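An overview of the molecular structure
Below are the chains, spelled out letter by letter.
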Amino acid sequence: MVDVVSILKENSQVVIDSIDENLSIIVPEELSDASKYLTKAGGKMLRPSLTLITSEAVGGNKSSTVQTAAAIELIHTFSLIHDDIMDKDDMRRGKPSVHKVWGEPLAILAGDTLFSKAFEMIITSKGENLNFEQINKTLATVADSCVKICEGQASDMSFEGDFTVKEDAYLDMIFKKTGALIATATKSGAIMGGADEEVINAMYDYGKLIGLAFQIQDDYLDVVSDEESLGKPIGSDIAEGKMTLMVVKALDKADDDDSERLIEILKNTNSTQDEVDEAINIFKKYGTIQYAHDVAQLNVNKAKEILKILPDSEAKNSLSLIADFVLNRKS
């Protein structure tokens, strides 16, 4: 775990520097500050690190990929700002959300600025042996992920209060909302690193699988972790009535009485801790907590299998460690 944290930190500094350089020129200063706010608030920097490491793993030069890695982090940050506004979330990464500090109008502008800057940074990428086709492919890949993020968010919103959602629909939603940008990070790294089409597609699949595992692990941690590690109460997803893989599977397997009781708890926006614990006991009764963990583990195993297409290298080993980190993290 410590090794992965070091790997992410090692790769993130050059991305942070690139972001700061590109956002510091924005005027007025208030918009610049709002745009940079979340990029300075911590975070794992998983996506841009994956872009840089994948580029290196396919034989590319990290310096040619920095702008793209930074752009992907800007897209991620843009989505967080807009999500917080839509979900009315007041905190992000332990700090007040952008819209709580600057108000919704400027927060929307900050998100739009990050979105626009991301594409500018890809277009202006420079590097040895970098050509127009690579930049064009990367732009198309990033643009496609932005559409998928919007589709995923819309699906997530439509799932609220809908207790008939099936597993395939749920997995498609979390892929689009969370996994698509992670898959784009690894695919873009492969493109900018000069990989052939087979490897590019393989790295997209690797990113998709660890992206799915990442979100399922979030769901899993919500009921098995502790409040100190999570930074929020255990079972907060249940209290908020969110659909998770555990909920979807439990509603599919439970008898009528348990199903009705689980729906009743999820519908109650003022659920007590006893009710949250009752829902968790329903998950345990039908084995859906273990099921979620097993699905995440299967995705990680498949992702690591895909890495066999790459030549042995330190970067390839880092990608394998990151796949395990997605599953073994505590927050």
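My aim in this report is to walk through the structure given alongside it, one point at a time. Just so we're clear, the structure is a prediction, and the values are computed from it rather than from any experiment. (Residues numbered from 1 in each chain as written. Predicted model: local features only at pLDDT ≥ 70, side-chain atom pairs only at ≥ 80, totals over all residues. Heavy atoms only, no water.)

1. Description of the overall build of the chain
The secondary structure content of the chain amounts to 16 helices and two strands. Here the C-alpha radius of gyration of the chain, 20 Å, is about what a compact globule of 331 residues would show, namely 20 Å. Projected onto its principal axes, the C-alpha coordinates of the chain cover approximately 65 × 50 × 35 Å. In the chain, which comprises 331 residues, the proportion classed as buried is 54%. Long-range pairs, those at least 24 residues apart, make up 75% of the contacts in the chain with a sequence separation of at least 6. Summed over all atoms, the accessible surface of the chain reaches about 14900 Å², with 50% contributed by carbon and sulfur. Distance between charge centroids for the chain: 2 Å, based on 34 positive and 56 negative side chains. (Helix = DSSP H or I, 4+ residues; strand = E, 2+ residues; numbered from the N terminus. Rg over C-alpha atoms; globule rule 2.2 N^0.38 Å. Buried < 20%, exposed > 50% of the residue type's maximum accessible area, 1.4 Å probe, protein only. Contact = heavy atoms within 4.5 Å. Areas by Shrake-Rupley, 256 points an atom, 1.4 Å probe, with all protein chains shown as cover. Lys, Arg positive; Asp, Glu negative; His and termini not counted. Charge placed at Lys NZ, Arg CZ, Asp CG, Glu CD.)

2. Quick word on the environment of Phe 159
Note on placement: Phe 159 falls in helix 7 (residues 132-159). In this structure the C-alpha to C-alpha distance between Phe 159 and Ala 169, which are ten residues apart in sequence, comes to 9.6 Å. When sequence neighbours within four positions are dropped, the list of residues in contact with Phe 159 reads Val 165, Ala 169, Tyr 170, Met 173 and Met 243.

3. Digging into the packing of aromatic side chains
Per the stated rule, a full pass over the model turns up three aromatic pairs. Between Tyr 37 and Trp 102, the ring centres sit 5.1 Å apart and the planes meet at 80°, which makes this aromatic pair edge-to-face. Of the two residues, Tyr 37 is situated in the loop between helix 2 (29-36) and helix 3 (46-57) and Trp 102 in helix 5 (residues 98-102); the sequence distance between them amounts to 65 residues. Classification of Tyr 37 as buried rests on a relative accessible area of 15%. Among the residues examined, Trp 102 registers a relative accessible area of 22% and is labelled partly exposed. (Phe/Tyr/Trp six-rings, centres within 6.5 Å; stacked < 30°, edge-to-face > 60°.)

4. As for a negative patch on the surface
A cluster of acidic residues, Asp 87, Asp 89, Asp 90 and Glu 160, forms a negative patch on the protein surface. Along the polypeptide, Asp 89 turns up in the loop between helix 4 (66-87) and strand 1 (91-92). In this structure Asp 89 comes out as partly exposed when scored by relative accessible area, which is 31%. (Patch = residues over 30% accessible without salt bridge, like charges linked within 9 Å, V, L, I, M, F, W, Y side chains within 5 Å. Salt bridge = Lys/Arg side-chain N within 4 Å of Asp/Glu carboxyl O.)

5. Some remarks on the packing of helix 7 against helix 8 (residues 167-192)
For the pair helix 7 and helix 8, interaxial distance at closest approach is 8 Å and the crossing angle is 165°. Classed by the angle they form, the pair helix 7 and helix 8 counts as roughly antiparallel. The crossing of helix 7 and helix 8 is left-handed. The residue makeup of the contact of helix 7 with helix 8, split by class, is twelve nonpolar, nine polar and seven charged. (Axes fitted to C-alpha atoms, helices over the stretch in contact; angles between N-to-C directions. Parallel < 35°, antiparallel > 145°, perpendicular 65-115°, else oblique. Left-handed = near helix turned anticlockwise from the far one by under 90°. Nonpolar A, V, L, I, M, F, W, Y, C, P; charged D, E, K, R; others polar.)

6. Considerations on the pattern of salt bridges
Under the counting rule described, the total for this entry stands at 22 salt bridges. Across the salt bridge formed by Arg 329 and Asp 218, the nearest N and O atoms sit 2.9 Å from each other. Taken together, the residues Arg 329 in the segment after helix 16 (314-328) and Asp 218 in helix 9 (residues 197-224) connect sequence positions 111 residues apart. One salt-bridge network, in which partners are shared between bridges, spans Arg 261, Glu 264, Glu 275 and Glu 278.

7. Remarks on the side chain of Lys 187
Tracing the sequence through the fold places Lys 187 in helix 8. Discounting chain neighbours no more than four positions away, the residues touching Lys 187 are Thr 141, Ile 200, Met 203 and Tyr 204.

8. Focus: the side chain of Thr 244
Assignment of secondary structure puts Thr 244 in the loop between helix 11 (236-239) and helix 12 (245-253). Given the relative accessible area of 5%, Thr 244 is considered buried. Excluding residues that lie within four positions of it along the chain, Thr 244 makes contacts with Tyr 170, Asp 219 and Asp 237.

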